[in-house]
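Listed below, chain by chain, are the residues.
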Amino acid sequence: MQILGLSGSLRKHSFHAGILRAAKELLPKDIDFYTFDLGKLPLFNQDLEVNMPREVQEFKSAARKADAILFASPEYNHSISGVLKNAIDWASRPPNDNVFDGKVAAIASASTGAFGGIRAQYHLRQVFVYLDIHAVNRPQIAIPFADQKFDKEGNLIDEKAREGLKELLNALIALTSKLKK
Ligand SMILES: Cc1cc2nc3c(=O)[nH]c(=O)nc-3n(C[C@H](O)[C@H](O)[C@H](O)COP(=O)(O)O)c2cc1C
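Residues numbered from 1 in each chain as written. Predicted model: local features only at pLDDT ≥ 70, side-chain atom pairs only at ≥ 80, totals over all residues.

S.K.: So, the pairing of strand β2 (residues 32-35): which residues are in play, and what are the values?
M.R.: Of the pairings in the sheet, the one linking strand β1 (residues 2-7) to β2 comprises four bridges and is parallel in character. By the bridge assignment, Leu 4 is partnered in β2 with Tyr 34. With respect to chirality, the unit in which β1 leads through helix α1 (residues 15-26) into the neighbouring parallel β2 is right-handed. (Pairing = 2+ DSSP bridges. Helix = DSSP H or I, 4+ residues; strand = E, 2+ residues; numbered from the N terminus. Right-handed = clockwise from strand over helix to strand, strands pointing away.)

Here it is in structure tokens:
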């Protein structure tokens, strides 16, 4: 099984990049987990849709080969980040080549605030409806007070949060296997 991890933050010591590193450590070794740096993508421009930039084509290929996606989504202004929305917009175009169509996905978020980014998760779920993504519903992994759960380099060091993430990954694998049958 191949799982693509996407972080909606480009920050060097991003908590969300840290979530993806933790996921790599926590996933069973027979799962092929890989990431794509969304910072490589240009801003979406529909004029470029017919002849997509090379980086976009690489991103779409990376998404296409994945059985499942792990979205590590920061909450910006109670929604998803522009970085993530930009990537989703590229991935969904043109309409007959939405590379997320029918994929299974899980969402994890973290925030320095008390809500752990859960509002962004609900916005992302709304976007999933249009993309026809099958979302893992439980558990919901939204890590609050992230500055206490990650170290200075953005590594997830909180044991309880790591356990929660592992449960989410197990649920992602289980739903992907179920839908592949
Ligand atoms: C533009 C911007 C908007 C933000 N809005 C929210 C918000 O609405 N809710 C929240 O809990 N945190 C908000 N934050 C704080 C982020 O959750 C926090 O910076 C988090 O660390 C971002 O993830 P990262 O560490 O992966 O960069 C915001 C941060 C930025 C930069």
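Read on for the rest.
S.K.: Any chance you could break down helix α2 (residues 54-64) for me, citing the residues and the numbers?
M.R.: An α-helix turns once per 3.6 residues; consequently, residues spaced three or four apart project the same way. Taken together, the buried positions of α2 are Val 56, Phe 59, Lys 60 and Ala 63. Viewed along the axis of α2, the buried residues span an arc of 95 degrees, placing them on a single side of the element. Away from its buried face by more than 90 degrees, α2 exposes Arg 54, Gln 57 and Ser 61. Looking at the buried positions of α2, the neighbouring elements they touch are β1 and α3 (82-91). (Buried ≥ 20, exposed ≤ 12 C-beta atoms within 10 Å, placed from the backbone. Arc of directions from axis to C-beta. Contact = placed C-beta atoms within 7 Å.)

S.K.: Quick one: what's the story with the site of the ligand, residue by residue and with numbers?
M.R.: Taken together, 16 residues are adjacent to the ligand, and Ser 9, Ser 14, Pro 74, Ser 111 and Gly 113 come closest. Per-class residue counts for the shell around the ligand are five nonpolar, nine polar and two charged. (Near = placed C-beta within 6 Å. Nonpolar A, V, L, I, M, F, W, Y, C, P; charged D, E, K, R; others polar.)

S.K.: Outline the nonpolar core, listing residues and values.
M.R.: One finds Ile 19, Ala 23, Leu 70, Ala 87, Ala 108, Leu 165 and Leu 172 to be the most contacted residues of the largest nonpolar core, which totals 53 residues. Not counting chain neighbours up to four residues away, the residues in contact with Ala 108 comprise Ile 19, Leu 70, Ala 72, Ile 141, Leu 165 and Leu 168. (Core = buried A, V, L, I, M, F, W, Y, C linked by C-beta atoms within 7 Å.)

S.K.: If you had to explain the packing of α2 against α3 to someone new, which residues and values would you point to?
M.R.: Direction vectors running N to C along α2 and α3 enclose 80 degrees, while the axes themselves pass 10 Å from each other. When the interaxial angle is binned, α2 and α3 end up roughly perpendicular. Each of Val 56, Phe 59, Lys 60 and Ala 63 in α2 lies in contact with α3, whose residues at this interface are Ala 87, Trp 90 and Ala 91. Considered class by class, the residues forming the contact of α2 with α3 number six nonpolar, no polar and one charged. (Axes fitted to C-alpha atoms, helices over the stretch in contact; angles between N-to-C directions. Parallel < 35°, antiparallel > 145°, perpendicular 65-115°, else oblique.)

S.K.: Talk me through unusual backbone geometry; I want residue IDs and the actual numbers.
M.R.: A cis amide bond, omega -15 degrees, links Arg 93 with the succeeding residue Pro 94. By the element assignment, Pro 94 lies in the loop between α3 and β4 (104-110). Phi angles above zero are rare outside glycine, and Asp 132 is one such case at about 60 degrees. For Asp 132, the position within the fold is in the loop between α4 (118-131) and β5 (134-135).

S.K.: Go over the environment of Leu 38, please, and point to the residues and values.
M.R.: Along the chain, Leu 38 falls in the loop between β2 and α2. Take Leu 38: there are 20 C-beta atoms within 10 Å of it, and that puts it in the buried class. Taking C-alpha positions, Leu 38 is 9.4 Å from Glu 55, a pair spaced 17 residues apart along the chain. When near neighbours in sequence (up to four residues on either side) are disregarded, Leu 38 contacts Leu 6, Ser 7, Val 83, Leu 84 and Ala 87.

S.K.: Report on helix α5 (residues 159-180), specifying residues and quantitative values.
M.R.: The end-to-end C-alpha distance of α5 is 31 Å, a good match for the 32 Å that 22 residues give at a rise of 1.5 Å each. Restricting attention to buried positions, one finds in α5 the residues Ala 161, Leu 165, Leu 168, Leu 169, Leu 172, Ile 173 and Thr 176. Projected down its long axis, α5 shows its buried positions confined to an angular sector of 140 degrees, all on one face. Opposite the packed face of α5, turned more than 90 degrees from it, sit the exposed residues Glu 159, Lys 160, Ala 174 and Lys 178. Where α5 is buried, its residues contact α1, β3 (68-72), β4 and β6 (141-143). (Expected span 1.5 Å × (residues − 1).)

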